[in-house]
Amino acid sequence: MDAIILQILNGLDKGSAYALIALGLTLIFGTLGVVNFAHGALFMLGAFCTVTLSRILTLSHEVVDPTRKDFLGNPLKVDVPYIYDIFGETTGAAIIDWAVPLSILFAIPVMIGIGVLMERGLIKHFYKRPHADQILVTFGLAIVLQEIIKYYFGANQIPAPAPQAFVGSLDFGAIFGMEPGAIIYPYWRIVYFCFAMVLIGAVFAFLQFTTFGMVVRAGMADRETVGLLGINIDRRFTIMFGIAAAVAGLAGVMYTPINSPNYHMGMDFLVISFVVVVVGGMGSLPGAVLAGFVLGVLESFASMRQVIELLPGVNQVVIYLAAIVILLTRPRGLLGRRGVMED
Amino acid sequence: MFGLNKKDTSLLLIVAALVALAPIILNPFPEGSGMAQFNAGYPDLMQRFVIFGIFAIGFNILFGLTGYLSFGHAAFLGAGSYAGMWMMKLLSINVIPAIVFSVIIAGLISLAIGWISLRRSGIYFSILTLAFAQMAFALAASVLTPITGGETGLQTNLNDPRILPGFLGGGSSVDGNIPKPSLFGIEMTSSFEVPVAGWLWTFNWGYYICGIVMLIAFYIAIRIFRSPFGLMLKAVKSNQQRLNYTGLNTRPYMLACFVISGMYAGLAGGLMAAMDPQVGAERMQWTASGEVVLMTILGGVGTLIGPVLGAGLIKYFENIFSKINDNLLHQWFAFLPDGLEDLMVTIIHPFIGKGWHLTLGLMFMAIVIFLPGGLVEGGQRLRKMFGRKSEERAPKTTPAE
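What you see is a predicted model, and the numbers here were worked out from it, not measured in a lab. (Residues numbered from 1 in each chain as written. Chains lettered and ligands numbered in written order. Predicted model: local features only at pLDDT ≥ 70, side-chain atom pairs only at ≥ 80, totals over all residues.)

J.: Which residues make up the overall build of chain B, and what values do they have?
T.: When its secondary structure is counted, chain B shows 15 helices and six strands. Whereas a compact globule of 401 residues would reach a radius of gyration of roughly 21 Å, chain B reaches 23 Å, a difference of no more than 12%. When its C-alpha atoms are laid out on the principal axes, chain B stretches across 65 × 65 × 45 Å. Expressed as a percentage of the 401 residues in chain B, the buried residues total 44%. A sequence separation of at least 24 residues applies to 73% of the contacts in chain B between residues at least 6 apart. (Helix = DSSP H or I, 4+ residues; strand = E, 2+ residues; numbered from the N terminus. Rg over C-alpha atoms; globule rule 2.2 N^0.38 Å. Buried ≥ 20, exposed ≤ 12 C-beta atoms within 10 Å, placed from the backbone. Contact = placed C-beta atoms within 7 Å.)

Take a look at the structure:
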């Protein structure tokens with residue numbers, strides 16, 4: 001029993017990442033009808049927003065500390081971040097410690113900007129081209145983005161730790177009256193899951209309860225008619241692209257403490273996210289979220305020791321197997337609608 | 001000739017001549033001159049040109065004729081390589097059984113994958129093939145380690161059985177060294193060098209064997225393009241639904257096409273193993289599948305010569321761009337004033353050496369955006385721009401809708 005709960009919990013944090021990326025992919029596909037292979041790169045760019053912000057925060061200058069001496073007896077030179085000068089030492093240290101959550105504020109405008117720029121600069125010209133061309137050009141863009149990041153940040157993983165308050169693990173079992181230590185779960189993963197739920201909820205609420213969202217939904221259903229009603233649907237879709245980029249970016253920002261960012265993390269997630277989108281049903285937002293969590297949990301169940309002993313290697317392939325089975329038995333995916341991408 | 005029309009025969013002959021003379025053509029700069037690093041006429045690189053040419057020709061038979069974009073072709077390449085390696089370990093060091101077996105294995109695997117993937121089309125097909133290839137990669141790197149060597153890969157060893165008799169390349173070892181892949185005693189790595197007044201031409205056995213195989217593959221591809229079967233595939237590309245409505249079942253045609261394409265990839269994989277007897281799982285990764293897509297697009301989708309051009313170009317640039325370094329750039333721009341020289345070097349620096357993939361990505365995007373027909377279309381446009389009215393002979397036909 002506790003093993004099962006543990007696996008579900010383990011699956012949820014990865015599932016949240018899948019769900020967030022797949023949500024963005026589906027948003028883009030549902031609004032613009034574009035298959036965006038660069039979405040994984042947006043996830044990666046989000047993660048590197050964190051790295052950039054924490055580098056900016058720790059920009060420092062040398063100060064001679066007269067109270068301490070180095071081993072030669074000279075006054076010790078200490079690097080002091082500028083942020084200490086501005087906010088004082090305790091606040092400054094706290095700000096640096098909280099760099100990852102703070103990056104959310106930093107990443108939202110950056111990612112929306114990148115998204116809008118990408119849509120206006122490149123994707124716009126590919127609405128009328130076949131899907132294969134869209135796949136290819138965004139694939140090229142993904143390579144370019146990834147190589148630019150590699151050029152500036154190097155090829156190694158860059159650790160970005162969670163705030164001190166969230167280091168450590170929660171003893172889950174003790175809460176539900178099981179033996180202590182039976183189910184231990186890191187705090188940050190709980191934070192990630194809650195964050196993902198809030199973000200997904202926010203996106204759905206935005207689409208469901210605002211006038212803007214209503215127009216976008218109408219445009220997803222019938223773009224031409226909305227255009228005929230005198231609404232500039234293209235501009236709204238561009239903004240939706242920006243929002244989708246921001247969702248992917250935020251997923252990346254918060255993922256950094258779980259997995260240190262490196263330049264090809266986007267590609268690793270991209271393939272799986274596409275599988276998630278297809279399993280959920282092309283163009284279905286709830287489907288993408290559901291499939292994200294389902295596949296995340298499925299993956300973590302498949303990596304249980306007992307399962308691996310039974311079917312060696314299944315943890316590596318379970319997601320793809322699930323996709324193949326789903327595509328062959330339910331071609332529209334779990335929650336796919338009729339008439340979307342049926343060729 | 002060979003059942004081809006005049007135009008195709010001349011194309012085949014031109015390609016044959018280029019393949020035969022490549023060691024000379026690709027070495028235009030004298031040895032020891034400053035431009036010698038642009039020479040591509042050394043065996044290893046030339047082998048890669050033709051092998052990836054075969055791979056791209058095969059991919060183009062699927063993507064170019066039917067429009068089905070497979071993102072998993074590297075799986076067949078990898079499977080072919082592993083199969084070839086096992087033949088060289090178990091049967092004989094002779095490359096023929098290795099190549100034949102790699103084609104067969106790749107064909108079987110592509111039959112299985114195609115059987116399932118071809119139930120869907122469009123983006124779903126791409127994702128399905130991608131999923132299969134990723135599965136193959138993950139399995140090869142982990143569970144199938146006894147067969148694939150896992151992360152370390154597969155090599156020929158001194159104590160491999162090689163059960164065939166000696167004159168067929170069997171036996172574990174002759175001189176105490178690990179035997180090198182050969183064709184009835186001719187080693188793939190052996191070559192003879194001809195120094196001609198400062199130039200050094202290397203004629204390599206392995207390259208010529210690959211070259212002949214590629215010519216055969218190219219010839220078969222032309223025949224497929226011109227056959228009723230090929231026309232059927234083109235019809236699938238233009239409108240599969242209409243074809244279904246006329247009562248034709250496209251599945252067998254598609255499956256045959258997919259298997260042929262997979263066998264081409266397997267052939268390339270087998271040759272790769274035969275030229276350089278080591279295989280790693282990374283050969284199956286989806287970026288490798290992406291690479292062959294790039295080659296085909298760059299050269300020109302659906303054209304005969306395009307994929308070969310694209311493969312050669314990408315492999316050439318990969319080699320040359322990654323060799324250029326800052327010192328070399330400083331040499332080139334030495335004629336500029338110092339400040340300007342440094343500026344130029346700083347601008348170009350991210351695109352060379354390790355940054356080669358950046359150049360590749362940009363080049364690829366530019367091709368997809370501005371020249372969807374690839375280099376071949378570029379050539380046609382140039383010809384149209386400078387050519388006389390002769391191009392207007394063929395009036396543009398619009399399909400009846």
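J.: Which residues make up the overall build of chain A, and what are the values?
T.: The number of helices and strands found in chain A is 15 helices and four strands. Taking 20 Å as the expected radius of gyration for a compact globule of 343 residues, we find that chain A reaches 22 Å, a close match to that expectation. The dimensions of chain A, computed from C-alpha atoms along their principal axes, are 75 × 55 × 35 Å. In chain A, buried positions account for 46% of the 343 residues. The long-range fraction of contacts in chain A, counting pairs at least 24 apart against all pairs at least 6 apart in sequence, stands at 74%.

J.: Kindly report on the environment of A:Tyr255, identifying the contributing residues and their values.
T.: All names here are of chain A. By secondary structure assignment, the location of Tyr255 is in helix 11 (residues 233–255). Given 30 C-beta atoms within a 10 Å radius, Tyr255 is considered buried. Remark: the alpha-carbon pair of Tyr255 and Ala17, spanning 238 residues in sequence, is separated by 7.6 Å. When near neighbours in sequence (up to four residues on either side) are disregarded, Tyr255 contacts Ala17 and Ala47.

J.: Pulling in residues and values, what's your account of the UniProt feature "transmembrane region" (unreviewed entry) in chain B?
T.: All names here are of chain B. According to UniProt, the feature "transmembrane region" (unreviewed entry) maps to residues 12–29, 49–71, 91–116, 123–144, 205–225, 252–272, 292–317 and 358–376 in the numbering used here. When the span residues 91–116 is considered, its composition is 85% helix and 0% strand, and the gap between its end C-alpha atoms is 32 Å. Here residues 252–272 runs as 100% helix and 0% strand, with 30 Å between its end C-alpha atoms. (UniProt positions renumbered as here; feature names shortened; annotations may be inferred.)

J.: Describe the interface of chain B and chain A, naming the residues involved and giving the relevant values.
T.: Much of the literature gives interface size as the accessible area that the parts lose upon coming together. Contacts between the two partners involve 35 residues from chain B, matched on the other side by 31 residues from chain A. Considering each element in turn, the side of chain B that touches chain A owes the most residues, twelve residues, to helix 5 (residues 122–141) of chain B.

J.: Run through the confidence of the model for chain A, naming residues and quoting values.
T.: With 95% of its residues at a pLDDT of 70 or more, chain A has an overall mean of 83. For chain A, helix 7 (residues 172–175) of chain A is the element with the lowest average pLDDT, namely 69, and helix 11 of chain A is the one with the highest, namely 90. (pLDDT = per-residue confidence, 0-100.)

J.: So what's going on with the packing of helix 11 (residues 306–321) of chain B against helix 15 (residues 374–386) of chain B? Residues and values would help.
T.: Residue and element names in this part refer to chain B. Contact geometry of helix 11 with helix 15 gives a least axis separation of 8 Å together with a crossing angle of 110°. Considering the angle they form, helix 11 stands roughly perpendicular to helix 15. On helix 15, the residues that touch Gly306, Leu309 and Gly310 of helix 11 are Gly374, Leu375 and Val376. (Axes fitted to C-alpha atoms, helices over the stretch in contact; angles between N-to-C directions. Parallel < 35°, antiparallel > 145°, perpendicular 65-115°, else oblique.)

J.: Can you explain the packing of helix 3 (residues 73–90) of chain B against helix 5 of chain B? Please cite residues and give values.
T.: Residues and elements named next belong to chain B. For the pair helix 3 and helix 5, the least separation of the axes is 7 Å and the interaxial angle reads 35°. Regarding helix 3 and helix 5, the two cross each other, and that crossing is left-handed. Two secondary-structure elements touch here, helix 3 through Ala74, Ala75 and Gly78 and helix 5 through Phe132, Ala133, Ala136 and Ala140. For the contact of helix 3 with helix 5, the class distribution of residues is six nonpolar, one polar and no charged. (Left-handed = near helix turned anticlockwise from the far one by under 90°. Nonpolar A, V, L, I, M, F, W, Y, C, P; charged D, E, K, R; others polar.)

J.: Give a description of helix 6 (residues 131–153) of chain A that names residues and reports values.
T.: An ideal rise of 1.5 Å per residue puts 33 Å on 23 residues; helix 6 of chain A measures up with 32 Å between its terminal C-alpha atoms. Just downstream of helix 6 of chain A, A:Gly154 is the residue with a positive phi angle, here 80°. (Expected span 1.5 Å × (residues − 1).)

J.: Describe the nonpolar core, naming the residues involved and giving the relevant values.
T.: Within the largest apolar cluster, 219 residues are counted, with the highest numbers of intra-cluster contacts made by A:Leu23, A:Val247, A:Val275, A:Ala323, B:Ile54, B:Phe55 and B:Ala268. The greatest single-element share of this core, amounting to 16 residues, is contributed by helix 5 of chain B. Not counting the four nearest positions on each side in its chain, A:Val275 is found in contact with A:Ile319, A:Tyr320, A:Ala323, B:Ile127 and B:Ala131. (Core = buried A, V, L, I, M, F, W, Y, C linked by C-beta atoms within 7 Å.)

J.: Can you tell me about the pairing of strand 5 (residues 199–204) of chain B, naming the residues and giving the values?
T.: All names here are of chain B. As paired elements, strand 4 (residues 191–196) and strand 5 share six bridges and run antiparallel to each other. Residue pairing across strands places Val196 opposite Trp199, the latter belonging to strand 5. Between the end of strand 4 and the start of strand 5, which pair antiparallel, lie two residues, with Ala197 showing a positive phi angle near 40°. (Pairing = 2+ DSSP bridges.)

J.: Please provide a residue-by-residue account of the environment of B:Ile224, values included.
T.: Residues and elements named next belong to chain B. As for its placement among the helices and strands, Ile224 is situated in helix 7 (residues 205–226). In this structure Ile224 comes out as partly exposed when scored by C-beta crowding, with 18 C-beta atoms within 10 Å. Apart from residues no more than four positions distant in its own chain, Ile224 is found in contact with Ile61, Phe229 and Gly230.

J.: Tell me about the UniProt feature "transmembrane region" (unreviewed entry) in chain A, and please be specific about residues and values.
T.: All names here are of chain A. Mapped onto this numbering, the UniProt entry gives "transmembrane region" (unreviewed entry) at residues 16–35, 42–61, 98–123, 190–216, 237–258, 270–298 and 310–329. A helix fraction of 88% and a strand fraction of 0% characterise residues 98–123, whose end C-alpha atoms lie 35 Å from each other. Helix makes up 86% of residues 270–298 and strand 0%, and the two end C-alpha atoms of the span are 18 Å apart.

J.: Run through helix 1 (residues 2–32) of chain A, naming residues and quoting values.
T.: Counting along an α-helix, one turn takes 3.6 residues, and residues three or four places apart therefore face a common direction. In this model helix 1 of chain A runs 44 Å from its N-terminal to its C-terminal C-alpha over 31 residues, within 8% of the 45 Å that 1.5 Å per residue would give. Phi turns positive, to about 70°, at A:Gly33, one or two residues after helix 1 of chain A.

J.: So what about the environment of A:Val144? Which residues, and what values?
T.: If you trace the backbone, A:Val144 turns up in helix 6. In this structure A:Val144 comes out as buried when scored by C-beta crowding, with 21 C-beta atoms within 10 Å. Considering only alpha carbons, one finds A:Val144 and A:Ala22, 122 residues apart in sequence, at a separation of 21 Å. Once residues lying within four places of it in the same chain are set aside, the contact partners of A:Val144 are B:Leu358, B:Gly361, B:Leu362 and B:Met365.

J.: Would you mind going over the confidence of the model for chain B in detail, with residue names and values included?
T.: Residue and element names in this part refer to chain B. Here chain B shows a mean pLDDT of 82. Residues at 70 or above account for 92%. Every residue in residues 390–396 scores below 50 in pLDDT, and together they form two contacts with partners more than four places removed in sequence or on other chains. For this predicted complex, the interface score ipTM comes out at 0.78, alongside a pTM of 0.84.

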